[in-house]
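For reference, the chains in residue letters:
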Amino acid sequence: MAYVEVFGRCLIGVVFLFSAWSKRPGSFTQFSDSLAAMRLLPARFVRPVAAVVVCAETAVVLLLVPQPLRLLAVVGFALAIVLLLGFAVSIGLVLRRGVQASCRCFGGSGAAPFRRHHIVRNLVLVAAAGAGLVAALAEPSLSWEAVALAGVPGVVVALLTTRLDDVVELFAP
């Protein structure tokens, strides 16, 4: 179970790190504008909700950093699940309504429009966070072997996840 937990911490932690970092003060306006373009919230709530999302993403990263208090990892995985499910539902609503909005999940000035693969990505990440949550609850001891064997693939998969639009475009007809 230690391998599953380490993989989950690295995957979810790095994905949320990239996501939160891409919304830092210089790029925050792009993110809040993309949130407004989704037309899911009244205009007065867009910036506060965007700020809460960034804070929650940052909290996930901090909670998943290895530390002696294992309960924090459980909370981090649970918060990640809530956020990812919220993202998936929001994207689904945008697609269902036919609203043209771009995914600024990981920043970028030319972000791709929302598509179904964005929902699939978030649901796969929910599954990974769920597996990490179960593994963290089992309280295995973390070892350097687990970090080396599961952490590196977790980071690699996270990096590919953050570039999903590029990967999809590469293989699209």
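An account of the accompanying structure is given in this report. (Residues numbered from 1 in each chain as written. Predicted model: local features only at pLDDT ≥ 70, side-chain atom pairs only at ≥ 80, totals over all residues. Heavy atoms only, no water.)

**Looking at the environment of Leu 71**
Inclusion rule: In DSSP terms, a helix is any run of H or I states spanning at least four residues, a strand is any run of E spanning at least two, and both are numbered starting from the N terminus.
Along the polypeptide, Leu 71 turns up in helix α4 (residues 71-97). In this structure the C-alpha to C-alpha distance between Leu 71 and Leu 137, which are 66 residues apart in sequence, comes to 8.0 Å.

**Comments concerning the nonpolar core**
Our working definition: We define a nonpolar core as any set of buried Ala, Val, Leu, Ile, Met, Phe, Trp, Tyr and Cys residues linked to one another through side-chain atoms lying within 4.5 Å. When a residue's accessible area, from a 1.4 Å probe over protein chains only, is under 20% of the maximum for its type it is buried; when over 50% it is exposed; and in between it is partly exposed.
Counting 39 residues, the largest nonpolar core has Leu 11, Ile 12, Phe 16, Val 60, Phe 77 and Phe 114 as its most contacted members. Contributions of two or more residues to this core are made by α1 (2-21), α2 (28-37), α3 (43-64), α4 and α5 (116-137). Sorting elements by how many residues they give to this core places α4 first, with 9 residues.

**Things to note about a nonpolar patch on the surface**
Formally: Excluding any residue in a salt bridge, patches collect residues exceeding 30% relative accessible area, merging like charges within 9 Å and nonpolar Val, Leu, Ile, Met, Phe, Trp and Tyr side chains within 5 Å. Residue exposure ignores everything except the shown protein chains as possible cover, and the areas themselves are Shrake-Rupley values with a 1.4 Å probe. The working definition used for a salt bridge is a side-chain nitrogen of Lys or Arg within 4 Å of a carboxyl oxygen of Asp or Glu.
Judged by side-chain polarity, Val 152, Val 156, Leu 160, Val 167, Leu 170 and Phe 171 come together as a nonpolar surface patch covering roughly 610 Å² of accessible area. For the nonpolar patch, the elements supplying multiple residues, two or more each, are α6 (144-162) and α7 (164-171). With respect to the helices, strands and loops of the structure, Leu 170 is situated in helix α7. For Leu 170, a relative accessible area of 65% corresponds to the exposed category.

**Some points on the side chain of Lys 23**
Short version of the rule: We call two residues in contact whenever any of their non-hydrogen atoms come within 4.5 Å of each other.
By secondary structure assignment, the location of Lys 23 is in the loop between α1 and α2. The buried category is assigned to Lys 23, whose relative accessible area is 3%. For Lys 23, the residues in contact, after removing those within four places along its chain, are Phe 28, Phe 31, Val 54, Glu 57, Arg 104 and Cys 105.

**Quick notes on the packing of α4 against α5**
Operational definition: Axes here mean lines fitted to C-alpha atoms, for a helix over just the part in contact, with angles spanning 0 to 180 degrees between N-to-C directions. Orientation is classified from the angle alone, with under 35 degrees giving roughly parallel, over 145 giving roughly antiparallel, 65 to 115 giving roughly perpendicular, and any other angle giving oblique. Helix crossings fall into two classes, left-handed where the near helix is turned counterclockwise from the far one by less than a right angle and right-handed where it is turned clockwise. Nonpolar residues are Ala, Val, Leu, Ile, Met, Phe, Trp, Tyr, Cys and Pro. Charged residues are Asp, Glu, Lys and Arg, and all others, Gly as well, are polar.
Relative to each other, α4 and α5 sit at 165°, their axes nearing to 9 Å. Relative to α5, the element α4 lies roughly antiparallel. For α4 against α5, the interelement crossing comes out left-handed. Here the contact of α4 with α5 is built from residues that sort into 20 nonpolar, 5 polar and 1 charged.

**Considerations on the packing of aromatic side chains**
What counts is decided by this rule: Ring geometry is summarised as follows: Phe, Tyr and Trp rings, the Trp one being its six-membered ring, pair when their centres sit within 6.5 Å, and such pairs are stacked at plane angles under 30 degrees, edge-to-face over 60 and tilted between the two. In our convention, an over-ring charge means Lys NZ or Arg CZ found within 6 Å of a ring centre and within 35 degrees of that ring's normal.
Under the definition given, this model contains 0 aromatic pairs. The cationic tip of Lys 23 hangs over the ring face of Phe 31; the distance from NZ or CZ to the ring centre is 4.7 Å.

**Topic: the pattern of salt bridges**
Scanning all chains against the criterion turns up 3 salt bridges. The shortest N-O distance in the salt bridge between Glu 5 and Arg 70 comes to 2.4 Å. With Glu 5 in helix α1 and Arg 70 in the loop between α3 and α4, this pair connects stretches of sequence that are 65 residues apart. Accessibility assignment for this pair places Glu 5 and Arg 70 in one class, buried. For Lys 23, the salt bridge is made with Glu 57, and the minimal N-O distance between the two is 3.2 Å. Of the two residues, Lys 23 sits in the loop between α1 and α2 while Glu 57 sits in helix α3, which places them 34 residues apart along the sequence. Residue classification places Glu 57 among the buried positions, given a relative accessible area of 1%. Several salt bridges converge on common partners, so that one network encompasses Glu 5, Arg 9 and Arg 70.

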